[in-house]
Amino acid sequence: MKTHTEYLWFDTSERVEFINITRDIDHEIGRSGITDGLILVNPMHITAAVYVNDAESGLIHDYKEMLKKLVPQHPSGEDYRHNLTGEDNAYAHLWRTLMGHQVTMAVTDGRLDLGPWEQIYYAEFDGRRRKRVLVKIIGN
Amino acid sequence: MKTHTEYLWFDTSERVEFINITRDIDHEIGRSGITDGLILVNPMHITAAVYVNDAESGLIHDYKEMLKKLVPQHPSGEDYRHNLTGEDNAYAHLWRTLMGHQVTMAVTDGRLDLGPWEQIYYAEFDGRRRKRVLVKIIGN
Amino acid sequence: MKTHTEYLWFDTSERVEFINITRDIDHEIGRSGITDGLILVNPMHITAAVYVNDAESGLIHDYKEMLKKLVPQHPSGEDYRHNLTGEDNAYAHLWRTLMGHQVTMAVTDGRLDLGPWEQIYYAEFDGRRRKRVLVKIIGN
């Protein structure tokens, strides 16, 4: 069994930003030499998520609106308890959980085994600083 | 290390429908000859989810009500941005993310290693057409 | 390829309680002798979740408040359909899904490959009874 580990770095210009990383992930599969197995894509920071959905800008807008509605970034009245630590990113911790935070995908014939519209996104919720995404591939 | 890949097809009669696929998944484990490892169950379409919970019709009703309340299917007033593309399924993209979208389970002694009430469901949110679920098993 | 399977038992004194299990998981990796691979951490009961986030008590408070707001434990007026079975834990089934329910993490150099703040939590939503979390490690 072969394994391959890589850390991808991202640094967004916006605090909340969605980046399509499908090509980066496929590139790592190529580098690994693994043709059949599983690949874990896990953000190593706890205010970001990796998820799979459509590469459509309207949908990305809808994701942001959904998150803001369900978990306001800056609630009026009482604030999040986490923000009493001096942080102002409680919403980002909660959003990343609602988004599912990580994905495991299949590698078949040496590449991502994707349906017609599946794309892998890195969703940054507290950006403007460098953050890592762990990629671990295991298989034959 | 052995691997096994299969694509299960589903075609629902309802637009929103929940299907217990636990037997299908166990059947694939039997076919694989793998007795110890991991199994990924991932919908290849981005308006569906795979999740683990109880096979209880009341609970399935509660899931649907929760999703409709948190993310309305057809909001009055402003619509989802994604639906400006001509689609009317933005809710389905969002629901599948809230449901966790995919699961990885353990294979032990040649079958799914489940707790007493764990059942694997395929949750279709934009059905009435054929869709695939990828099953990838790796192990010994 | 090596595999290692263990069942961790938890028994909470509160009905809703969050437990940091990062050390337990790292201990299992040590026992497995596996230095490079993947580890699945999956609650075997359907009213609990495993998730990754910060070990900060304010944030844990915020998670509970978010869940209560999105899916009330004891709604006034109409109740959850699942509770007509005689149960009163429908909220717990739904919460565990919103929390993502399970995680798969990387094992590198014989331990959890974590970012600076990543901690693995067991979130019990219907406790005061013994429940199992499955740990399955595969790798070299």
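In short, a report on the structure.

What counts and what doesn't
- Residues numbered from 1 in each chain as written.
- Chains lettered and ligands numbered in written order.
- Predicted model: local features only at pLDDT ≥ 70, side-chain atom pairs only at ≥ 80, totals over all residues.
- Heavy atoms only, no water.
- Pairing = 2+ DSSP bridges.
- Helix = DSSP H or I, 4+ residues; strand = E, 2+ residues; numbered from the N terminus.
- Axes fitted to C-alpha atoms, helices over the stretch in contact; angles between N-to-C directions.
- Parallel < 35°, antiparallel > 145°, perpendicular 65-115°, else oblique.
- Left-handed = near helix turned anticlockwise from the far one by under 90°.
- Contact = heavy atoms within 4.5 Å.
- Nonpolar A, V, L, I, M, F, W, Y, C, P; charged D, E, K, R; others polar.
- Buried < 20%, exposed > 50% of the residue type's maximum accessible area, 1.4 Å probe, protein only.
- Buried area = accessible area lost by both parts, 1.4 Å probe.
- Salt bridge = Lys/Arg side-chain N within 4 Å of Asp/Glu carboxyl O.
- Polar contact = N/O pair within 3.5 Å; in protein donor to acceptor, adjacent residues only side chain to side chain.

### With respect to the sheet that holds strand β3 (residues 37–43) of chain A
Strands belonging to one sheet form pairs held by backbone hydrogen bonds; the direction of such a pair is parallel or antiparallel.
Residues and elements named next belong to chain A.
So, point 1. The five strands are arranged β1-β8-β3-β5-β6 in an open sheet whose pairing can be described as antiparallel. Each having just a single partner strand, β1 (2–11) and β6 (111–112) make up the two edges of the open sheet.
So, point 2. The pairing of β1 with strand β8 (residues 130–139) spans ten bridges and is classified as antiparallel. If you follow Leu8 over to β8, its bridge partner there is Val133.

### A short note on the packing of helix α2 (residues 57–70) of chain B against helix α3 (residues 90–98) of chain C
So, point 1. At a closest axis distance of 10 Å, the pairing of α2(B) and α3(C) adopts a crossing angle of 55 degrees. For the element pair α2(B) / α3(C), the angle class is oblique. Our pair here, α2(B) against α3(C), has a crossing hand that is right-handed. Listed contacts from α3(C) to Leu59(B), Asp62(B), Tyr63(B), Met66(B) and Leu70(B) of α2(B) are Ala90(C), His93(C), Leu94(C), Thr97(C) and Leu98(C).
So, point 2. Split by residue class, the contact of α2(B) with α3(C) holds seven nonpolar, two polar and one charged.

### With respect to the pairing of strand β5 (residues 103–108) of chain A
All names here are of chain A.
So, point 1. Judged by how many residues are buried, β5 sits mostly within the fold: six of six residues are covered.
So, point 2. Of the two faces of β5, the one carrying Val103, Met105 and Val107 and the one carrying Thr104, Ala106 and Thr108 are both buried.
So, point 3. Pairing between β3 and β5: five bridges, direction antiparallel. Paired with Ile39 across the strands is Met105, a residue of β5.

### What about the interface of chain C and chain A?
A common way to express how large an interface is: the accessible area buried when the components associate.
So, point 1. Contacts between chain C and chain A engage 34 residues on the former and 32 residues on the latter.
So, point 2. A combined buried area of about 2,600 Å² lies between chain C and chain A, and 61% of that area is made up of carbon and sulfur atoms.
So, point 3. When the buried area of chain C at its contact with chain A is split by residue, Leu38(C), Asp62(C) and Met66(C) rank highest and sum to 18% of it.
So, point 4. The interface formed by chain C and chain A holds one salt bridge in total.
So, point 5. Here Lys136(A) makes a salt bridge to Asp36(C), at a shortest N to O gap of 2.4 Å.
So, point 6. On inspection of chain C and its partner chain A, the count reaches 17 residue pairs in polar contact (both at pLDDT 80 or more).
So, point 7. Broken down by secondary-structure element, the contributors of at least two residues to the side of chain C that touches chain A are β3 (37–43), β4 (48–53), α2 (57–70), β5 (103–108) and β8 (130–139) of chain C.
So, point 8. The element contributing the most residues to the side of chain C that touches chain A is α2(C), with eight residues.
So, point 9. Looking at the side of chain C that touches chain A residue by residue, the classes come out as 17 nonpolar, ten polar and seven charged.

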